[in-house]
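Listed below, chain by chain, are the residues.
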Amino acid sequence: MNRILAKPRPNWQARVEQHGFLYHTTEQGQPYWDESAYYHFAPAEIDVLEKSTYELSEMCLAVVEQVVKRGSFADFGIPPMYHDWLRRSWDTDELTIYSRFDLLYDGKNPPKMLEYNADTPTALLEAAVVQWYWKQEVGLPGDQFNSIHERLIEAWRRVKDAGIPAVAFASIGGHTEDYITANYMQDVAMQAGLTTQYLPLQQIGWNPARGGFVDLQDRSLPGLFKLYPWEWMLREQFARFLPQGRTRWYEPPWKMLLSNKALLAWLWKMFPDHPNLLEASAEPLQGPYVRKPVLGREGANITIVKDGQVVERTPGDYVEGPFVHQAYWPTPRWHGKTAVLGSWMVNGYACGIGMREDEGAITTNTSRFVPHLFDAAGSRGGSEAGIRADVGRYRG
């Protein structure tokens, strides 16, 4: 594993915009999409990442099984009125589309799980499409661990096959980055044969006569992809109607257990000393640790503590907690840049990665996305990296 400097393509902004990627530059005028470097992996390293992602996924599902079985929803701060609804969602095996593990990996030690973005993961279009076209255009040797796009189409086909004919795609109105993700998801669902529409979240209504959620034309919403966290949804005015509605949600209600950092302490309790886990607890740990808000997002209010002293802290809106404490593991660094690796699970498959860079040890929503390649020598055969289907607007 190595970081290699590269020359950005001429007029790269227009090139990425051709694929619907508008959030390529931050409000401060700095590149968010950064192709001045790329990460290069050996095939064996990709194998390690793939295997570790599957193991982590299985452990996380085992946690959900135990939480539901024991009724330990209070550990995750879920109000009692939603417990039965969440239990039904799990027991009926409601379909999940996608999620992303955030890992620390240096090519030498086993990948270490930082957290699981299992409800509303972003950085999707850049991982599935933008870095794939970068690879095609720059002509560098090697392959890319990336069949995210194809797996997304398969996931939405499963939704259609399960009897959901139409899905609405919703995000907060006026939020460009979220709209890009929701719009991309809508596109792959259309390629899977679903009837779709986009709705700002503010335009979703409740029809008491029908007992269901509706759009502005009072049409029922049989399926709804929401780029809006479950913990926020449960605070909305309409939240009391959620368990009554017939709408199938993507991600499903049971995923709120995995998008909650209380998961980290449960994982360590059930699988202590697993090589892909870091010790985690609701209480401060002995030795260096990182304090994270249980329901925090985008690197907000994270504190790194060493020898009892705060060495790094990020601002945010989650100052009151609750918090989880996770053993500190140094963020890998190349060329003065730290890197966190996002490993994608789509339709039950580990199917691609994306790299995020920063100067500090904590990545935030403005940390740069950097593409990757791996050495094609000794091809991985039928692996995810070899699956390709260039279809649709984004892979046309």
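Structure's up top.
Residues numbered from 1 in each chain as written. Predicted model: local features only at pLDDT ≥ 70, side-chain atom pairs only at ≥ 80, totals over all residues. Heavy atoms only, no water.

### Things to note about the overall build of the protein chain
Logical step 1: Of regular secondary structure, the protein chain possesses eight helices and 20 strands.
Logical step 2: For the C-alpha atoms alone, the extent of the protein chain along its principal axes is close to 60 × 50 × 40 Å.
Logical step 3: Residues classed as buried in the protein chain amount to 57% of the 396 residues present.
Logical step 4: Restricting the contact set of the protein chain to residue pairs at least 6 apart, pairs at least 24 apart contribute 71%.
Logical step 5: In the structure as shown, the protein chain presents an accessible area of about 16,600 Å², 50% of it carried by carbon and sulfur atoms.
Logical step 6: In the protein chain, the 40 positive side-chain charges and the 47 negative ones have mean positions that sit 1 Å from each other. (Helix = DSSP H or I, 4+ residues; strand = E, 2+ residues; numbered from the N terminus. Buried < 20%, exposed > 50% of the residue type's maximum accessible area, 1.4 Å probe, protein only. Contact = heavy atoms within 4.5 Å. Areas by Shrake-Rupley, 256 points an atom, 1.4 Å probe, with all protein chains shown as cover. Lys, Arg positive; Asp, Glu negative; His and termini not counted. Charge placed at Lys NZ, Arg CZ, Asp CG, Glu CD.)

### A look at the state of the cysteines
Logical step 1: Per the counting criterion, the structure on display carries zero disulfides.
Logical step 2: We note that Cys 60 lacks a disulfide partner, and the nearest cysteine sulfur, in Cys 351, lies 16 Å from it.
Logical step 3: The exposure class assigned to Cys 60 is buried, which follows from its relative accessible area of 0%.
Logical step 4: The exposure class assigned to Cys 351 is buried, which follows from its relative accessible area of 0%. (Disulfide = S-S within 2.5 Å.)

### With respect to the pattern of salt bridges
Logical step 1: Per the counting criterion, the structure on display carries 17 salt bridges.
Logical step 2: With a shortest N-O distance of 2.5 Å, Arg 3 and Glu 357 are connected by a salt bridge. Note that Arg 3 is positioned in strand 1 (residues 2–5) and Glu 357 in strand 18 (residues 349–358), a separation of 354 residues in sequence. Neither Arg 3 nor Glu 357 differs from the other in exposure class; each is buried.
Logical step 3: When the shortest N-O distance is used, the salt bridge between Glu 359 and Arg 368 registers 2.9 Å.
Logical step 4: For Glu 359, a relative accessible area of 41% translates into the label partly exposed.
Logical step 5: Through salt bridges with shared partners, a single ionic network connects Arg 9, Arg 15, Glu 35 and Glu 137. (Salt bridge = Lys/Arg side-chain N within 4 Å of Asp/Glu carboxyl O.)

### Comments concerning the packing of aromatic side chains
Logical step 1: Applying the stated criterion across every chain, the model contains 23 aromatic pairs.
Logical step 2: Their ring planes at 50 degrees and their centres at 5.6 Å tell us that Tyr 38 and Trp 134 sit as a pair that is tilted. In this pair, Tyr 38 sits in strand 2 (residues 37–41) while Trp 134 sits in helix 4 (residues 124–138), placing the two residues 96 residues apart along the sequence. Across the pair, exposure class does not vary: Tyr 38 and Trp 134 are buried alike.
Logical step 3: Lying over the aromatic face of Tyr 349, Arg 151 brings its terminal NZ or CZ to 3.5 Å of the ring centre. (Phe/Tyr/Trp six-rings, centres within 6.5 Å; stacked < 30°, edge-to-face > 60°. Lys NZ or Arg CZ within 6 Å of the ring centre and 35° of its normal.)

### Quick look at the packing of helix 4 against helix 5 (residues 148–161)
Logical step 1: Running from amino to carboxyl end, helix 4 crosses helix 5 at an angle of 115 degrees, the nearest separation of the two axes being 8 Å. Contacts between helix 4 and helix 5 involve Leu 124, Ala 127, Ala 128 and Val 129 from the first element and Ile 148, His 149 and Leu 152 from the second.
Logical step 2: In the contact of helix 4 with helix 5, the residues fall into six nonpolar, one polar and no charged. (Axes fitted to C-alpha atoms, helices over the stretch in contact; angles between N-to-C directions. Nonpolar A, V, L, I, M, F, W, Y, C, P; charged D, E, K, R; others polar.)

### Quick notes on unusual backbone geometry
Logical step 1: A cis amide bond, omega 10 degrees, links Tyr 250 with the succeeding residue Glu 251.
Logical step 2: Position of Glu 251 among the secondary structure elements: in the loop between strand 10 (248–250) and helix 8 (262–270).
Logical step 3: Notably, Ala 123 is not glycine yet its phi reads approximately 60 degrees, a positive angle.
Logical step 4: By the secondary structure assignment, Ala 123 is in the loop between strand 4 (112–117) and helix 4.
Logical step 5: In the Ramachandran plot, Asn 347 falls in the positive-phi region, its phi being about 55 degrees despite a non-glycine side chain.

### Quick notes on the packing of helix 2 (residues 43–70) against helix 3 (residues 83–91)
Logical step 1: At a closest axis distance of 11 Å, the pairing of helix 2 and helix 3 adopts a crossing angle of 135 degrees. In terms of orientation, helix 2 and helix 3 fall into the oblique class. Remark: the crossing between helix 2 and helix 3 carries left-handed chirality. Where helix 2 approaches helix 3, its residues Leu 61, Val 64, Glu 65 and Val 68 are matched on the opposing element by Leu 86, Arg 87, Trp 90 and Asp 91.
Logical step 2: In the contact of helix 2 with helix 3, the residues fall into five nonpolar, no polar and three charged. (Parallel < 35°, antiparallel > 145°, perpendicular 65-115°, else oblique. Left-handed = near helix turned anticlockwise from the far one by under 90°.)

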